[in-house]
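Secondary and tertiary structure notes
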Amino acid sequence: MRDVAVIGIGCTKFGEHWERSFRDLFVEAGAIALEDAQMSGEKIDAMYVGNMSAGRFIEQEHIGALIADYAGVATRHITATRVEAACASGGLAFRQAVIAVASGMEDIVVAAGVEKMTDVEPGASTDALTGAADREWEGFVGATFPGLYAMIATDYMHKYKMTREQLAQVAVKNHYNGARNPIAQFPSEITLDTVMKSTMVAAPLRLFDCSPITDGAAAVIVAPLDRAKEFTDTPIKVLATAQASDSIALHDRRDISTLDASVAAGQRAFKMAKLTNKDIDMVEVHDCFSIAEICAIEDLGFCKKGTAGKFTADGETALGGKIPVNTSGGLKACGHPVGATGIKQVCEIVTQLRGDAGKRQVDGAKIGMTHNVGGTGATVAVHILGRL
Amino acid sequence: MTVARFWRKIPQRYNLIGTKCETCGRHFFPPRTFCPDCRRTGKIVDHKFAGFGTVVTYSVIQTEPDQFASPGPYVLAIIRLDEGPQMTSQVVCDPKDAKIGMRVRAVFRKIATDGESGIIHYGTKFVPVE
Ligand SMILES: [Zn+2]
């Protein structure tokens, strides 16, 4: 297998883009990434596009071809493939791009992610998201997505005695980081009170425990490491790519508040990179709900099971802490256009490794990690990236 | 949801009929037609569950009209059936009384009204065991 590097990144602003279409969003992200790699679209050999539910959100399928077309590369008949794994679609698209280059089948490959969620009523978007879980045996009996993660939170708090305030600190920290990220949907700091007094959505989770409905797109360009210097002075090496699966329904898991797929993908990634969690300078984890970040940092080994609440409240996951988590603001504050999230995580880590993260920069960042979850943990993608 | 899509699940949804692997004795609800433990040597037969179980975890789903349209509040729970498997359902009780470890039994209830067709869907919910 060949070594692979990220040579370009691009992200739209995340938010509610009433004035812009699905096509506008991914074209913008792709153009930023090409500009970043100082490259024209003619060099692209293949595209992998992460998208969860364009069929439900904009009644459009066949997203691979659509994107190649509007990116202006369809006349060259390049390989264009949509990748779907609910909220992990972006992470899997990146992994497919890395595999394509590593295998030698393709050279210059775009991994993109896009979701346009605000063209339907909020009820319809929430219902579409329920398709990431088990529609027949969870969705049909009244399980909303916040409800499923709330059941994880109830189980976790019962077992490990984490306080509601400790859980809220996840959102407070992510908003602090989001306030320092120009693309964030909510670039504003909040207090513990903001979370604790927000509307109850699915007890014990409140509105500020939940990631929002977001429009956005992100794109990265990968190439063989030995060709990366043609395009950039700061190629970022892909040190590991890993993916794992688990039961589609939460009720079939070995342990309700451990995502075994996160544990498996994390261990595989560390093994592939020949690294441990101590080598990681910062990590983007999938905080679709505050409790998801608590589980993630434990499942990836950054702290012991049952201690993530205290770890977070003590500031260990904040900028300047032991392991800064979600410097982008995470899904909570940066926003969660589901198919784009896994790609945005890669963009954030690359930005950190290049030293371009401005007010949210992790000093001396050398190695970073991304963790992207589909559903309640039925798919997990983990990547490790490093500065050369 | 089409009528056929719901109709073909009626035995399972109304009467808690799942499956069982005769090779290893493992019970499945929701039903599976393939035993993950025995694979090709598994022999799957229908199994009617007794309908008693214990709440493993739960949430109280609230009405949140802006972002999360739901007919709340109601108690959503994962229930471990006495035969072994776990399923997601609702517990019909005062949300304040819901707790981990509470004993429940299955009852036949209305689950939802389909917005477009107006068809009422029935299925299994749970009530506390007195
Ligand atoms: Zn068996």
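Reading guide: rules and limits
- Residues numbered from 1 in each chain as written.
- Chains lettered and ligands numbered in written order.
- Predicted model: local features only at pLDDT ≥ 70, side-chain atom pairs only at ≥ 80, totals over all residues.
- Heavy atoms only, no water.
- Helix = DSSP H or I, 4+ residues; strand = E, 2+ residues; numbered from the N terminus.
- Contact = heavy atoms within 4.5 Å.
- Donors = N, O, S within 2.8 Å, 3.2 Å for Na, K, Ca; no water.
- Tetrahedral: all angles 85-135°; square planar, octahedral: opposite > 155°, others 65-115°.
- Buried < 20%, exposed > 50% of the residue type's maximum accessible area, 1.4 Å probe, protein only.
- Patch = residues over 30% accessible without salt bridge, like charges linked within 9 Å, V, L, I, M, F, W, Y side chains within 5 Å.
- Areas by Shrake-Rupley, 256 points an atom, 1.4 Å probe, with all protein chains shown as cover.
- Salt bridge = Lys/Arg side-chain N within 4 Å of Asp/Glu carboxyl O.
- Domains from an automatic or database assignment.
- Buried area = accessible area lost by both parts, 1.4 Å probe.
- Polar contact = N/O pair within 3.5 Å; in protein donor to acceptor, adjacent residues only side chain to side chain.
- Axes fitted to C-alpha atoms, helices over the stretch in contact; angles between N-to-C directions.
- Parallel < 35°, antiparallel > 145°, perpendicular 65-115°, else oblique.
- Nonpolar A, V, L, I, M, F, W, Y, C, P; charged D, E, K, R; others polar.
- Pairing = 2+ DSSP bridges.

To continue, consider the side chain of aspartate 255 of chain A. By the secondary structure assignment, aspartate 255 of chain A is in the loop between β8 (236–245) and α9 (260–273). Apart from the residues lying within four places of it in its own chain, the contact partners of aspartate 255 of chain A are Asp155 and Lys159 of chain A.

All names here are of chain B. Only Cys21 (SG), Cys24 (SG), Cys35 (SG) and Cys38 (SG) from the protein coordinate the zinc ion, and they sit 2.3 Å from it. In this structure, the zinc ion is coordinated by four donor atoms arranged in tetrahedral fashion, with angles at the metal of 105 to 112°. Each donor residue of the zinc ion belongs to the same chain, with the gaps between them written as C-x2-C-x10-C-x2-C. Both residues of the pair, cysteine 35 and cysteine 38, belong to the buried class.

Quick look at a nonpolar patch on the surface now. Residue and element names in this part refer to chain B. A contiguous nonpolar surface patch, about 260 Å² in accessible area, is contributed by Phe108, Ile120 and Tyr122. By the element assignment, phenylalanine 108 lies in strand β7 (residues 103–113). The class for phenylalanine 108 is partly exposed, based on a relative accessible area of 43%.

All names here are of chain A. Domain boundaries assigned for chain A yield domain 1 (4–121 + 214–236) and domain 2 (128–210 + 238–387). Using only C-alpha atoms to locate each centre, domain 1 and domain 2 end up separated by 23 Å. Listed per partner, the contact involves 46 residues of domain 1 and 40 residues of domain 2. Note on domain 1 versus domain 2: buried area summed over both sides is about 3,300 Å², and carbon and sulfur give 68% of it. The interface formed by domain 1 and domain 2 includes one salt bridge. In this structure, the salt-bridge partner of arginine 354 is aspartate 36, at a minimum N-O distance of 2.8 Å. Run the count over domain 1 and domain 2 and you get 12 residue pairs in polar contact (both at pLDDT 80 or more). Top contributing element to the side of domain 1 that touches domain 2 by residue count: strand β1 (residues 4–11), with eight residues.

All names here are of chain A. Orientation of helix α7 (residues 164–178) relative to helix α10 (residues 290–299), taken along the N-to-C sense of each, is 95°, at an axis distance of 8 Å. As far as their axial angle goes, α10 and α7 are roughly perpendicular. For the pair formed by α7 and α10, the contact residues are Leu167, Val170, Lys173 and Asn174 on the first element and Ser290, Ile291, Glu293 and Ile294 on the second. Class assignment of the residues belonging to the contact of α7 with α10 gives a composition of four nonpolar, two polar and two charged.

Take the sheet that holds strand β11 (residues 379–387) of chain A next. All names here are of chain A. Spatially, β3-β2-β4-β7-β1-β8-β11-β10-β9 is the arrangement adopted by the nine strands of the open sheet, whose pairing is mixed. This sheet does not close on itself; its edge strands, each paired only once, are β3 (79–83) and β9 (282–284). On average, each strand axis in the sheet is inclined to that of its neighbour by 25°, with strand direction left out of account. Both strand β2 (residues 46–50) and β3 contribute to a ladder of five bridges, which runs parallel.

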